[in-house]
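So you can see what is in the structure, the chains are spelled out below.
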Amino acid sequence: MKFTLSWLKDHLETNASPDDISKTLTAIGLEVESITDPAEQLKDFTVARIISALRHPEADKLQVCKVESNAGELQIVCGAPNARAGLFVALAQEGAFIPGANFTIKKTKIRGVESNGMLCSFEELGIPGDSSGIIELPEAPIGSSVAEILGLDDAVIDIAITPNRADCLGVRGIARDLAAAGLGTLKPLPLPSTINHQPSTISVTIETETCQQFIGCHITGVKNAESPDWLKKRLTAIGQKPISALVDITNYFTIDLARPLHVYDAKKLSGNITVRNTKAGEKFSALNDKEYTLEQGMCVIADEKAPVAIGGIMGGSATGCTMDTTDVFLEVALFTPAHVATIGRELQIESEARYRFERSVDPAFVEDGAKLAIAMIQKLCGGTASELVIAGKTPEWKRSIAFNPDRVKTLGGMDIPQDIIHEILASLGFHQPSTNNYQPPSWRADVEGEADLVEEVLRIHGYDNLPVLPLPHLESISTTAPDRTFAAKRLLAHNGYLEVVSYSFIPHAQAKRFGGGTESLQLANPISEELSDMRPSLLPNLLAAAKANHNRSLKNLRLAEVGLTFQNPTPSGQQMVAAGLITGSITTNHVNGVLFGSTDSAVDAFAAKRDMLALLASLGVNKYEITREVPGWYHPGRSGAITLGKKIVLGYFGELHPALLAEFDIDTPAVAFEIFMDAIPTPRAKGKARPALAVSDYQPVTRDFAFVVDAKITSAEIVKAVSAAEKNLLADVRIFDVYAGKGVEDGKKSIALAVTLQAPDRTLSDAEITSISGAITASVSKAVGGVLRA
């Protein structure tokens, strides 16, 4: 959504700078993507006048022009067909950068004739306009700024609008939010008091539920012409090409008030207008110069012969307005968002009207929008307006939402006085019909419940005012899946991870890389090519988030997400996964009392393993096995899988494969883990509580063993073999050393364990200890071929 600073000030009384406006917009949820100053980009272009233009001696299509400039008289070779004596032009002198052509002007010779600059077209300046020749400027002082003459000396603000904020697809909606945030005062929108009325010769009938209301007006005796400079400059500044006053007015209302309009050349209409559904096979030629074959059930505006517009999307070329138009029929209508979105996708037509209608247009602003549009048409083009032709009615939009102001604190975490809460909601247009009830304004179809009202208060009051408080300690974790999912998020945050919430869609190539990419998981109508497949893993989005942060010099990261992954399109193919990613170095850092790593030590597989096991332990998993069978996106020698037995895989951890990091252009070490939440066993039912903890009063005994085994044998296999040797007296097994090198033959390694033995009712005798030690040695030898190291 683009607009200029002066345009915003039509609706907002403010002295705020563009920088202040940018910061406030972002703070209230309207992210500013850019603020550009065209005057800075066009600073090298000045006004000049052609003194003479003579044919080039060596080229019929070139002219040698003598040009009056602020640097004196210059000779410039020009190929534009409209170059002529007396014309005021846009001059680029030596050293000027041409943005539309991406080069810098140098003194040169063209076909043997010296040229000391360039006379520019709109395209060469990088702005919309007729570029069949050079720009023809109005008479202006020599050397003055071309940007100023063209009205491009106004800051252009571009903001990203989330799909729910349809009200901010108009400049007035943005001004309203800024006024509520305290950055100025919203100016009243003056409605015309009187309109010249005459009977309309065109009637309108609605025969489809996809159009809720249609207000038309027949205006005769208009004179279409170029728009005034102020209107052309505003449209040009936001990248739209001015066409004619009648068409520009409709484009202006779309951007200014988020109110799409359409004007028909009334003399090209055949009889009255009907808003109806199409019959299969009907043809329609649109204003984009394309012909469409319409399927049955699409909403169209039709005269008595054929469709003249696709409802809410685009008008037709047959009834479009030209400079010869003298009678127009104005359309101000309301279409159902879902239908506009569906038809727009099917026909693959993009338009400013469709963009707004599919997100919802203010249902209470149809008649007032018509009156304002009629007044502007009459002001710029003259004419006599008919009475309003009204079909359909305003849909019911009023609704009351129960709201407890205390929810701002309990749900949003801010303790805001009730009078300020009411003031914020009132400034946004919310009406309070009764105590603890609020009625959203007609332009806020996205506000549906109490949480939405809390969000409105929080964003206007300012998320920067949110107090920083420690997370409360979790006393226990419920056994239900939603509660365990919430607990996983809390525990990851407690351990220093920043939560990522990403789309469930990823590029096809990434989906294939992570084991997905099947046809059944590809979207029929993806938002974009980068969001074409359902994700089989959370890691691609975490890596993309890491890369975005790396580009901003934030390389030591802990990112996590808990969400669904998709293995097939059935319900059973969905898995709830908790994944974490650590990149860069682990710095000495306390997070809620936990010390992570040492100063600037590179992340390794053990960092991911530690955090994964801590999360599993919090979710009730204390017994497990570790194997090497991991997917291909992990480093094969520095990763592992956590399993229950041989069949249940709880998750993976370890270093990510260097080739994968190269694909994401990540140049720092990175480790990750994935926990499959649905694979975690649910605790035993109530009534089957664990037995009381039995603590022996007798002294434990620890014996150390060092086994030489094949290098491919894992520590987990040895621990399992030791544990199988003695069920009752073995209290603990802990590996404390792994060695390979001098003294151990090639292809072998030495693994040292500390085994703790303890009886609940006696002190173990030497004979018992010797017997158990022999059983351990035999078990390890049988299971993995291990022998005691000499």
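Residues numbered from 1 in each chain as written. Predicted model: local features only at pLDDT ≥ 70, side-chain atom pairs only at ≥ 80, totals over all residues. Heavy atoms only, no water.

Caption draft 1: Just the overall build of the protein chain, in detail. Looking only at helices and strands, the protein chain features 21 helices and 46 strands. Relative to its length of 790 residues, the protein chain is extended, with a C-alpha radius of gyration of 36 Å against a globular reference of 28 Å. Taken along the three principal axes of its C-alpha coordinates, the protein chain extends 115 × 75 × 55 Å. Relative to its full complement of 790 residues, the protein chain shows a buried share of 47%. For the protein chain, the exposed surface amounts to about 38,800 Å²; the carbon and sulfur share of it is 50%. (Helix = DSSP H or I, 4+ residues; strand = E, 2+ residues; numbered from the N terminus. Rg over C-alpha atoms; globule rule 2.2 N^0.38 Å. Buried < 20%, exposed > 50% of the residue type's maximum accessible area, 1.4 Å probe, protein only. Areas by Shrake-Rupley, 256 points an atom, 1.4 Å probe, with all protein chains shown as cover.)

Caption draft 2: Layout of the side chain of Thr 250. By the element assignment, Thr 250 lies in helix 8 (residues 245–257). Given a relative accessible area of 8%, Thr 250 falls into the buried group. Polar contacts involving the side chain of Thr 250 include one to the main-chain carbonyl oxygen of Val 247, which spans 2.6 Å. Setting aside anything within four residues of it in sequence, one finds Thr 250 in contact with Leu 261, His 262 and Val 263. (Polar contact = N/O pair within 3.5 Å; in protein donor to acceptor, adjacent residues only side chain to side chain. Contact = heavy atoms within 4.5 Å.)

Caption draft 3: Examining the sheet that holds strand 30 (residues 498–499) more closely. Taken together, seven strands build an open sheet; the order of strands is 30-33-34-42-41-40-39 and the sheet is mixed. If you trace the sheet from one side to the other, it starts and ends with strand 30 and strand 39 (625–627), each paired once. Sheet topology places strand 41 (residues 648–656) next to strand 42 (residues 670–676); five bridges connect them, and they run antiparallel. Bridge pairing in strand 42 places Glu 655 opposite Val 671. The strands touched by helix 18 (residues 605–618) within the sheet are strand 33 (557–566), strand 34 (574–583), strand 39, strand 40 (634–644), strand 41 and strand 42, with strand 42 carrying the most contacts at an inclination of about 25°. (Pairing = 2+ DSSP bridges. Axes fitted to C-alpha atoms, helices over the stretch in contact; angles between N-to-C directions.)

Caption draft 4: Seen up close, the packing of aromatic side chains. Applying the stated rule across the entire model yields twelve aromatic pairs. Between Phe 335 and Phe 357, the ring centres sit 5.2 Å apart and the planes meet at 85°, which makes this aromatic pair edge-to-face. Taken together, the residues Phe 335 in strand 24 (residues 328–335) and Phe 357 in helix 10 (residues 352–357) connect sequence positions 22 residues apart. Here Phe 335 and Phe 357 have matching classes, each one buried. Here a set of aromatic residues connected by ring pairs shows up, and it is made of Phe 514, Trp 633, Tyr 634, Tyr 652 and Phe 676. If you follow Arg 176 out to its NZ or CZ, it ends over the ring of Trp 443, 3.9 Å from the centre. (Phe/Tyr/Trp six-rings, centres within 6.5 Å; stacked < 30°, edge-to-face > 60°. Lys NZ or Arg CZ within 6 Å of the ring centre and 35° of its normal.)

Caption draft 5: View of unusual backbone geometry. Positive phi, normally seen in glycine, also occurs at Ser 553, with a value near 70°. Among the secondary structure elements, Ser 553 is positioned in the loop between helix 17 (539–550) and strand 33. Residue Ser 553 is classed as exposed on the basis of its relative accessible area, which comes to 63%.

Caption draft 6: Local environment of the pattern of salt bridges. Within the structure shown, the criterion is met by 36 salt bridges. Measuring nitrogen to oxygen at the nearest pair gives 3.4 Å for the salt bridge that ties Arg 638 to Glu 655. Taken together, the positions of Arg 638 in strand 40 and Glu 655 in strand 41 put the pair 17 residues apart, joining distant regions of the chain. Classification of Arg 638 by relative accessible area gives partly exposed; the value is 46%. Take Glu 655: its relative accessible area is 17%, and that puts it in the buried class. The partner of Lys 748 in a salt bridge is Asp 710, with the nearest N and O atoms 2.6 Å apart. Linking Lys 748 in strand 45 (residues 748–757) with Asp 710 in strand 43 (residues 701–710), this pair joins segments that are 38 residues apart in sequence. Its relative accessible area of 25% is what places Lys 748 among the partly exposed residues. (Salt bridge = Lys/Arg side-chain N within 4 Å of Asp/Glu carboxyl O.)

Caption draft 7: Local environment of the layout of surface pockets. In this structure, the largest pocket spans a volume of roughly 1,300 Å³. Along the walls of the largest pocket sit 36 residues, with Lys 609, Ile 626, Ser 715, Ala 716 and Ile 735 positioned nearest its centre. Taken together, the elements giving at least two residues each to the lining of the largest pocket come down to helix 18, strand 39, strand 40, strand 41, helix 20 (715–725), strand 44 (730–739) and strand 45. A total of six residues in the lining of the largest pocket trace back to one element, the largest contributor, which is helix 20. Tallied by class, residues from the lining of the largest pocket come to 17 nonpolar, eight polar and eleven charged. (1 Å grid on protein atoms, 1.4 Å probe; cavity = no way out; pocket = protein on both sides within 12 Å on 5 of 7 lines; lining within 4 Å. Points joined across faces, edges and corners; volume = space filled by probe spheres on them. Nonpolar A, V, L, I, M, F, W, Y, C, P; charged D, E, K, R; others polar.)

Caption draft 8: A look at the environment of Ser 17. Residue placement: Ser 17 occurs in the loop between strand 2 (12–13) and helix 2 (18–27). Considered as a pair, Ser 17 and Val 447 are 430 residues apart in the sequence and their alpha carbons are 31 Å apart.

Caption draft 9: A look at helix 13 (residues 418–427). Looking only at helix 13, the buried set comprises Ile 421, Ile 424 and Leu 425. The arc enclosing the buried residues of helix 13, seen along the axis, measures out at 95°, which places them on a common side. When the buried face of helix 13 is taken as reference, the exposed residues oriented beyond 90 degrees from it are Asp 419 and Glu 423. On the buried face of helix 13, the contacting elements are helix 12 (407–412), strand 29 (437–439) and helix 14 (450–461). (Arc of directions from axis to C-beta.)

Caption draft 10: Region of the structure containing helix 2. Taken together, the buried positions of helix 2 are occupied by Ile 21, Ser 22, Thr 24 and Leu 25. The elements touched by buried residues of helix 2 are strand 1 (2–4), helix 1 (5–9), strand 3 (32–36), strand 13 (156–159) and helix 6 (171–180). Two residues or fewer past helix 2, Gly 29 is found with a positive phi of approximately 95°.

Caption draft 11: Main features of the environment of Gln 378. Considering the arrangement of structural elements, one finds Gln 378 in helix 11 (residues 366–381). Taking the C-alpha atoms as reference, Gln 378 lies 9.9 Å from Thr 220; in sequence the two are 158 residues apart.

Caption draft 12: Looking closely at the packing of helix 13 against helix 14. Axis separation between helix 13 and helix 14 bottoms out at 10 Å; the angle between their running directions is 95°. The angle between the axes of helix 13 and helix 14 places the two elements in the roughly perpendicular class. Of the residues in helix 14, those touching helix 13 at Ile 420, Ile 421, Ile 424 and Leu 425 are Leu 453, Glu 456, Val 457, Ile 460 and His 461. Here the contact of helix 13 with helix 14 is built from residues that sort into seven nonpolar, one polar and one charged. (Parallel < 35°, antiparallel > 145°, perpendicular 65-115°, else oblique.)

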